[in-house]
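# Topology and contacts: notes
The lines below spell out each chain.
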Amino acid sequence: MTRYVLRRLLQAIPTLIGISIISFILVNSTPGDPIAVRYFDPNITEETKAILRRQLGLDQPLYLQYLNWFAGISLRRGDVVEEFAVGQTTCTYLAWLDTTLCDTQGGILRGNLGTSLSTKQPVWDRLLERMPATLELGLAALLVSLLVGVPLGVLSAVYQGSWFDNTVRVLAVVGNALPAFWFALMLIFLFGVVLGWLPTGGRQTVSLEMRFDPVDRLQHLILPTVILALGPIATYSRFMRTETLEVIRTDYVRTAKAKGLSPFSVWFVHALRNAMIPLLTILGPAITGLLSGAVVTETVFAWPGMGRLTLNAAFQRDYPMVLGAVMFFSALTILGNLLSDIFYGIVDPRVRLS
Amino acid sequence: MYAHRFTPLAVLTILVVVLAACVQPTPIVETVRETVVVTQEVEKVVVVTPTPVPPKRGGVWVEGSSADASILNPILASDSASFDVLSWFYPSLIGQDPFSGAVVPTEMAERWEVSEDGLVWTFYLRDGVQWSDGTPVTAQDFKFTYDAIASDLVETPRKSNVELIESIEIPDDRTVVVTFKSVKCDGLTDLGLGWLPRHKFAEDFSDIMTSPENEAPSVSAGPFVFKEWVRDDRATVVRNETYWKGAPFMDGWIYKIVPDPGARLAQLQTGELDMIGLQPEQLTTVELDPNLNIYKFKDDGYSYIALNMGNPENPMPGRDEEGNIVEQDPHPILSDKLVRQAIAHALDYDTIISKVYLGQGYRMASNVLPAVEWAYDPTVPFYPYEPETAQALLDEAGWTDSDGDGVRECNGCATAEEGTPLELTLITNAGNTTREDLGALVQDQLNEIGFQINFEAIEFGTLVQQLLGQTFDMVIIGWTGLGSDPNDDAFWHTRFDTPGSGFNFVSYSNPKVDELLEQGVSVPGCAPEDRAPYYKEIQQIIHEDVPYVFVTGTVANIGYSKKFNGVNPGPWSFYWNIEKWSLAE
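Residues numbered from 1 in each chain as written. Chains lettered and ligands numbered in written order. Predicted model: local features only at pLDDT ≥ 70, side-chain atom pairs only at ≥ 80, totals over all residues.

### Section: the overall build of chain B
So the rule is basically this: In DSSP terms, a helix is any run of H or I states spanning at least four residues, a strand is any run of E spanning at least two, and both are numbered starting from the N terminus. In this treatment the radius of gyration is a C-alpha quantity, and the globule benchmark scales as 2.2 Å times the residue count to the 0.38 power. Put simply, a residue is buried when 20 or more other C-beta atoms lie within 10 Å of its own C-beta and exposed when 12 or fewer do; between those, it is partly exposed, and each C-beta is set from the backbone. The contact rule is simple: place each C-beta atom from the backbone, and if two of them lie within 7 Å, those residues are in contact.
Helix and strand counts for chain B come out as 13 helices and 25 strands. Over its C-alpha trace chain B gives a radius of gyration of 27 Å, about what one expects of a compact globule, namely 25 Å for 585 residues. Looking at chain B as a whole, 42% of its 585 residues qualify as buried. When contacts within chain B are restricted to residue pairs at least 6 apart in sequence, long-range pairs at least 24 apart make up 65% of them.

### Structural notes on the overall build of chain A
Tallying secondary structure elements over chain A gives 14 helices and three strands in all. Scaling as 2.2 N^0.38, a compact globule of 354 residues should have a C-alpha radius of gyration of about 20 Å, whereas chain A reaches 26 Å, well beyond that. Looking at the 354 residues of chain A, the share that counts as buried comes to 34%. Contacts spanning at least 24 positions in sequence make up 66% of the contacts within chain A whose residues lie at least 6 apart.

### Remarks on the domain arrangement of chain B
Applied cut-off: Domain delimitation follows an automatic or database domain assignment.
You can read the domains of chain B as domain 1 (11–26 + 59–297 + 563–583) and domain 2 (299–555). Computed over C-alpha atoms, the centres of domain 1 of chain B and domain 2 of chain B are 34 Å apart.

### Quick look at the sheet that holds strand β2 (residues 90–94) of chain A
Remark on secondary structure: sheet strands pair via backbone hydrogen bonds, oriented parallel or antiparallel. Residues and elements named next belong to chain A. Rule in force here: Being paired, for any two strands, means DSSP has found at least two bridges between them. Here, axes are lines fitted to C-alpha atoms. For helices the fit covers the stretch in contact, and angles between N-to-C directions go from 0 to 180 degrees.
Taken in spatial order, the three strands line up as β1-β3-β2 in an open sheet, and their pairing is antiparallel. Only two strands of the sheet have a single partner each, and these edge strands are β1 (73–77) and β2. Put simply, the sheet's adjacent strands are angled 20 degrees from each other on average, direction ignored. Sheet analysis places β1 next to strand β3 (residues 99–103), joined by five bridges and oriented antiparallel. Residue pairing for β3: Leu75 is matched across the bridge by Leu101.

### A short note on the packing of helix α6 (residues 337–346) of chain B against helix α8 (residues 387–396) of chain B
All names here are of chain B. The condition is simple: Roughly parallel means an angle under 35 degrees; roughly antiparallel, over 145; roughly perpendicular, 65 to 115; everything else is oblique. A clockwise turn of the near helix away from the far one marks a right-handed crossing, whereas an anticlockwise turn of less than a right angle marks a left-handed crossing. Residue polarity is assigned by list, with Asp, Glu, Lys and Arg as charged and Ala, Val, Leu, Ile, Met, Phe, Trp, Tyr, Cys and Pro as nonpolar; anything else, Gly included, falls into the polar class.
Where α6 meets α8, the closest approach of the two axes is 8 Å, and the angle between their N-to-C directions is 165 degrees. By the angle between their directions, the pair α6 and α8 is classed as roughly antiparallel. For the crossing formed where α6 meets α8, the hand is left-handed. Facing α6, whose interface residues are Leu338, Val339, Gln341, Ala342, His345 and Ala346, α8 presents Pro387, Thr389, Ala390, Leu393, Leu394 and Glu396. When the residues that make up the contact of α6 with α8 are grouped by side-chain class, the tally is eight nonpolar, three polar and one charged.

### Some details on the pairing of strand β12 (residues 224–230) of chain B
As paired elements, β12(B) and strand β13 (residues 234–239) of chain B share six bridges and run antiparallel to each other. Following the sheet pairing, Val230(B) is matched in β13(B) by Arg234(B).

### Quick notes on the interface of chain B and chain A
Contacts between chain B and chain A engage 51 residues on the former and 50 residues on the latter. Among the secondary structure elements, those contributing two or more residues to the side of chain B that touches chain A are β5 (60–65), α3 (159–163), β12, β13, β14 (252–257), α4 (261–270), α10 (460–469) and α11 (489–492) of chain B. Per-class residue counts for the side of chain B that touches chain A are 21 nonpolar, 17 polar and 13 charged.

### Thoughts on the environment of Gln269(B)
Within the element layout of this structure, Gln269(B) appears in helix α4. Judged by the 21 C-beta atoms lying within 10 Å of it, Gln269(B) is buried. The residues contacting Gln269(B), other than those within four sequence positions of it, are Val193(A) and Asp289(B).

### Thoughts on the sheet that holds strand β9 (residues 120–125) of chain B
Residue and element names in this part refer to chain B. Reading across from one edge, β8-β9-β11-β10 is the order of the four strands in this open sheet, with antiparallel pairing throughout. Both outer strands of the open sheet, β8 (109–114) and β10 (165–169), are each paired with one neighbouring strand and no more. Taken pair by pair, the neighbouring strands of this sheet meet at an average axis angle of 15 degrees, ignoring direction. As defined by bridge partners, β8 adjoins β9 across five bridges and the pair is classed as antiparallel. When the bridges of β9 are listed, Trp112 appears paired with Phe123. Its contacts with the sheet put helix α2 (residues 139–150) on β9, β10 and β11 (175–180), and the angle it makes with β11 is roughly 35 degrees.

### Looking at the packing of helix α6 (residues 123–158) of chain A against helix α7 (residues 163–177) of chain A
All names here are of chain A. Here α6 crosses α7 at 140 degrees, and the two axes come no closer than 8 Å. Our classification of the angle between α6 and α7 gives oblique. Helix-helix and strand crossings are classified by hand; for α6 and α7 the assignment is left-handed. Contacts from Leu152, Leu155 and Ser156 in α6 reach Phe164, Asp165, Val168 and Arg169 in α7. Partitioning the contact of α6 with α7 into residue classes produces four nonpolar, one polar and two charged.

### Focus on the nonpolar core
Inclusion rule: By our criterion, buried Ala, Val, Leu, Ile, Met, Phe, Trp, Tyr and Cys residues that link up through C-beta atoms within 7 Å make up a nonpolar core.
Counting 119 residues, the largest nonpolar core has Val322(A), Ala325(A), Val85(B) and Val237(B) as the members making the most contacts within it. At twelve residues, helix α9 (residues 214–247) of chain A tops the list of elements feeding residues into this core. With residues near it in sequence (within four places) discarded, Ala325(A) still touches Leu127(A), Thr310(A) and Ala313(A).

### Let's talk about the pairing of β2(A)
Residues and elements named next belong to chain A. Strand direction decides the pairing type here: β2 and β3, joined by five bridges, are antiparallel. Bridging from a neighbouring strand, Leu94 pairs with Thr99 of β3. Where β2 folds back onto β3 in an antiparallel hairpin, the turn is made up of four residues, including Asp98, whose phi is positive at roughly 50 degrees.

### Some words on unusual backbone geometry
Although it is not a glycine, Lys120(A) sits at a positive phi angle of roughly 60 degrees. Structurally, the position occupied by Lys120(A) is in the loop between β3 and α6. You can call Lys120(A) partly exposed: it has 18 C-beta atoms within 10 Å. The phi angle at Phe205(B) is positive, at roughly 70 degrees, despite the residue not being glycine. Looking at the element boundaries, Phe205(B) is found in the loop between β11 and β12. Given 18 C-beta atoms within a 10 Å radius, Phe205(B) is considered partly exposed.

Structure, rendered in structure tokens:
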């Protein structure tokens, strides 16, 4: 087992390096460079923009920019030690190459995701800053979607073909098809503006003295959780329905029934446990998805999460921020898949990890 | 005691002037103005008790914004959201009249004088202004800030603010002497940035880029001090008890980030927000809400359709390295003035303003905003909506529909090959529904007279690439924040026609306009009456040449709560007297 995990982790390294190269090329080939988009302002002159490009290293060829981002090593023509040896960066002039070599103490190789162009903060700090809000909403949505979706799916299977089953199936299709932004605004209008029961957005009521108020936080969580859980509830219920129907046709369920066990015990103790196993395979990626945030829900409900962070960074052409987020999410995806494989092995002894 | 019996449909204004004896040692003269509108027959006795009403302390104002600030440092920030927040903290040299936009001595400079040659400006600073930690605000803070901008260690978009400055001297803590390299009549705006607190930064500027002050300013010389900033959620500021214009009555101000416009409106209605910028389609909802006010004003911007006069296949700079004007490779269709004028005649502006902008706009004849009264030329006519004139102009330009397919072809036109269809691509930024609607309408109206317009809404960054790269035909876009000076040489001067970066992206090349633009900013003395003739002539020429089709001047609407008394917004500042606002209840 340990060997398996270690091998999977080692395999992740070339994967991540590959991702870093591909995403670096993709991000840099989007039209509109960071300086032109950020400073679309006639008061900021071309000369100023040229200086900024040089200071940020955006005037360098792409492979040198990659080297700097990946390994924290910056190469520049000529003797420019004085200009670039700033702060933690140390530079040496290599006379035989007529090149200045700078060590910026950065690079993803050293676990440094770089500095955001728009806020000048370390990318890693900006990601961590969003973690609590993203986790809060993501976990709430996951919990609700499992607690609602799984029983709905099992009950649908139990009463297969009944009005209940049909209703759930129709609602599942509707739930998946509803445009989240529109439904969210409808909920805001109904529960926030007309009825005044729930707050319309944000993580908490803003005031000058912010205190942790669990009730207030929970109220703010309700609407975005409903919106975010809607899709997964539909998916899980349909998934569980299919899996349960498959399991109840197996011999051991028939045996359990024949032994005279109560229907509840048959369905929820014997059938459910085995029907849930395949669910684990989709849960791993689902957790990654929740961590990377939900753009639409976060936007409509003014939720300060990862999705908005990444989207805004992309619109502003904040390359280090976008790349940092991509690397972070890639690592999470690899980890999520590994975890779900391991769990699978634990829950289902027929699956051997080797 | 007064007793009034109201008559039906009467409007009564009660003006009670009370000399109030307050708890405070000094008495305050207070004016209470009450407007009562009676629309129903009522029998009612109102007793107005002239109790002394000192302005009530307390209350919070929450502004809703779509975007969050990026950085709270006045020389590093470039987005308007950052300035919305950081402007509370940093003092500046000169003030701006909230209603006229004129330069006024309401900030650090009490008065100033200019040398005869217009190059040396001496500013005399106010005494007794302090940062909130008690350190005096002095000329050294100003010098530190501008030296920082010039420093190699600082990555700032404001380098151009110091380009024309020869030197900054501070003979003493209350005097600033700025020497310019040449006369530049709009040069005062270069001196308008907020001042950094020198005592909070390293003297050699080495920590400007990384200082915690950029995230959480520890001192303020404005009405509020920084309290908290949770990115993409809210920024909070609270009363500065030591503000030199007098501490605000309100407890604080919050900048709350609500990205979705529909959600912003909902929060304004529920009272979670006190102020938002309104979109035209939201006006009715706010007008019908008894708890809300609307402030409508002409903002300093306009929407236009840029017409590329250079060949998008071969963008060329306006001047060569020696500064000589470069003959442009012409746009096959749009380089012909007759075609551009035809487009200007083909659009139904009144319908556009009433249907697309829902009445929130006004017509523009040329490049200077009517708000800049002294430079605006009211004699320049608007292009009338005359499709027949437009058709005639196209015929004259050699674009006729010879094969009867509804699209004109080049039959003796100036710069395209014979038989080329009159086909152009029109782009705008996706997500701006007003511009998308406008694009569809423009497409219709131009196709009507024989164009074939391909309209596409694309992502903003991609649009910027095409626009600055000069690889477009026509773009719907707008300018905002043009300010109160008419100098807009960045849009028209050949010096700024540099593919990839310059803002004369339409490749407008007119030596006469170049000359007038240069003269307009270098008139000795810079008196408005001396500068005005240049700008009036420019407006005539731009109108004639149609590098842009001016669609509409921007009318902005702000919806805000009636929570506070004393709110008196001007087009140049909503908050200029915020320290005097007091809770209405």
